[in-house]
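# Observations on chain architecture
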Amino acid sequence: EPKKLWGGAFSEKIDPLMEKFNESLSFDRRMALEDIEGSIGYASALARTGIITEEERNEIHKGLKKVLEEWQSDAFVAKEGDEDIHTANERRLCEVIDSNIGGKLHTGRSRNDQVATDTRMWLRKELTVLRKYLRTLIEVAIDRAEKEVDHVMPGFTHLQSAQTVRFSHWLLSHAAAWQRDDMRLKDLMPRVNTMPLGSGALAGNPFGVDRQLLAKDLNFERVCPNSMDAVSDRDFVIETMFWASMTLMHISRWSEDLIVYSSQQFGMMQMSDAYSTGSSLMPQKKNPDALELLRGKAGRQIGTLTGLLCILKGTPTTYNKDFQEGWLGMFETVDTMSDCLQIAAGCLATMKLNPEKMKSSLVAEMLATDLAEYLVRKGMPFRETHHISGAAVKLAVDKKVPLDQLTVDDLKSICDKFEDDVAEIWSYEKSAESRDTEGGTSRRSVLEQCAKLRAYLKET
Ligand code: ARG
């Protein structure tokens, strides 16, 4: 009969379904290495206080390393009653070394400060990887934006043809959002990398553990300032989930653009076969499943974030078992982001442009604003020129010709400020180039955006 870690005051056996209901080893085993790493640090901290001897510390270290090797070689065998990764590792430690020594490891420690420490160590490592993936996505965007800056295409508002933009300008509009996502991730990382260990169950450590030294050993930037908050705080997980939700919301909108632009009706871009799938019925179909999954994953991620907020919101301060439910979402968040960021970068790197279709999708009415701006340059108030250009659009509709097919005389009949040089505005390229202020769609401005984003990646 395996002895429970906490069985002392219990006389009745646990209900079998309750045992299964309660366990978390099936998922928190992902933090096995961090759990052991934290324990190695904690044993050293205990030895520094004199509450365990150096020999005992060495023995505990030896045992923990043995358990670590078992995890690494997939040789660790979970036993009935291993409630979570913390109890499993401690149970095994007490088998591989003298249990009278192994039993000293948990002195002054609680699973409450332990689990919070393990997850922070696990998450900080994962976030470093995710940040690399996000930055790769941004780099791919900059590369394409620089190389393909020549292509102009329709820009949309309300999904209605609006004005001419460069393909690169459109792409950088998404990269700008991804840059903010990168900033947010960088910003939250120090709050993940804060150490709860040495807080005990809630009241603090009674053996004088030096938390600053312990934090240094475990590579934490700082220690949690209050022991009750330390075991209570899951902000670092929620922030991570929020970051993930925001990032995927952005990726989802980018995906949606691509889904639309790559449809046959738009035809401006084409997803690579590597990220498309076919139809079981219609032989001609190539569906943008990668993009649709990215859009779908964003929805789930928002649910995960909402889930943890709901788990936390009614709990009294310090630790409650409800919190255990949060780890599933944390693991899912990291896995989802790992997949999504790499898939998004792959889609972006391999998709093909159809510059001809981009150009042929431009319609003269998209230069109506430029027509109004022409008169502004002749000294008229914009509000008036807006009406005049609108009248020109209407005249073109009435004459059943595109706007740029109106004759100079047609235009002069609407407003006597039109001169022969008005014919020069019927150029999409010129329209794009005229928007040359910072953040605009001119070639110079777009390349400047690329350069700035590159510099950002280099500096941060
Ligand atoms: N498996 C638990 C969790 O993930 C560890 C902490 C348990 N602490 C406790 N006092 N029951 O939340």
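Residues numbered from 1 in each chain as written. Predicted model: local features only at pLDDT ≥ 70, side-chain atom pairs only at ≥ 80, totals over all residues.

Glancing now at the packing of helix α7 (residues 111-147) against helix α11 (residues 235-261). One way to put it is that α7 packs onto α11 with a least axis distance of 12 Å and a crossing angle of 20 degrees. Classed by the angle they form, the pair α7 and α11 counts as roughly parallel. As for the relative orientation of α7 and α11, their crossing is left-handed in sense. Facing α7, whose interface residues are Arg-120, Leu-123, Leu-127 and Leu-134, α11 presents Phe-236, Thr-240 and Thr-247. Each residue belonging to the contact of α7 with α11 can be placed in one class, and the counts come to four nonpolar, two polar and one charged. (Axes fitted to C-alpha atoms, helices over the stretch in contact; angles between N-to-C directions. Helix = DSSP H or I, 4+ residues; strand = E, 2+ residues; numbered from the N terminus. Parallel < 35°, antiparallel > 145°, perpendicular 65-115°, else oblique. Left-handed = near helix turned anticlockwise from the far one by under 90°. Contact = placed C-beta atoms within 7 Å. Nonpolar A, V, L, I, M, F, W, Y, C, P; charged D, E, K, R; others polar.)

All right, on to the site of the ligand then. The local shell around the ligand consists of Ser-24, Asp-28, Asp-84, Arg-111, Asn-112, Val-115, Tyr-319, Lys-321, Phe-323, Gln-324 and Trp-327. Going through the elements one at a time, α7 and α13 (324-350) are the ones with two or more residues in the shell around the ligand. Looking at the shell around the ligand, the element that brings in the most residues is α7, giving three residues. Taken together, domain 1 (12-102) and domain 2 (111-204 + 225-360) each give at least three residues to the shell around the ligand, which thus spans both. (Near = placed C-beta within 6 Å. Domains from an automatic or database assignment.)

Time to look at the domain arrangement of the protein. Assigned domains within the protein: domain 1 (12-102), domain 2 (111-204 + 225-360) and domain 3 (364-426). Placing the centre of domain 1 and that of domain 2 at their C-alpha centroids yields a distance of 34 Å. Listed as interface residues are 11 residues of domain 1 and, on the opposing side, 13 residues of domain 2. The set of elements that each furnish at least two residues to the side of domain 1 that touches domain 2 consists of α2 (25-28) and α3 (32-49).

For the rest of this paragraph, the subject is the environment of Ala-455. Inspection of the secondary structure assignment puts Ala-455 in helix α19 (residues 443-459). Exposure remark for Ala-455: the 10 C-beta atoms within 10 Å place this residue in the exposed category. Through-space distance from the C-alpha of Ala-455 to that of Gln-179 is 12 Å; in sequence the pair is 276 residues apart. (Buried ≥ 20, exposed ≤ 12 C-beta atoms within 10 Å, placed from the backbone.)

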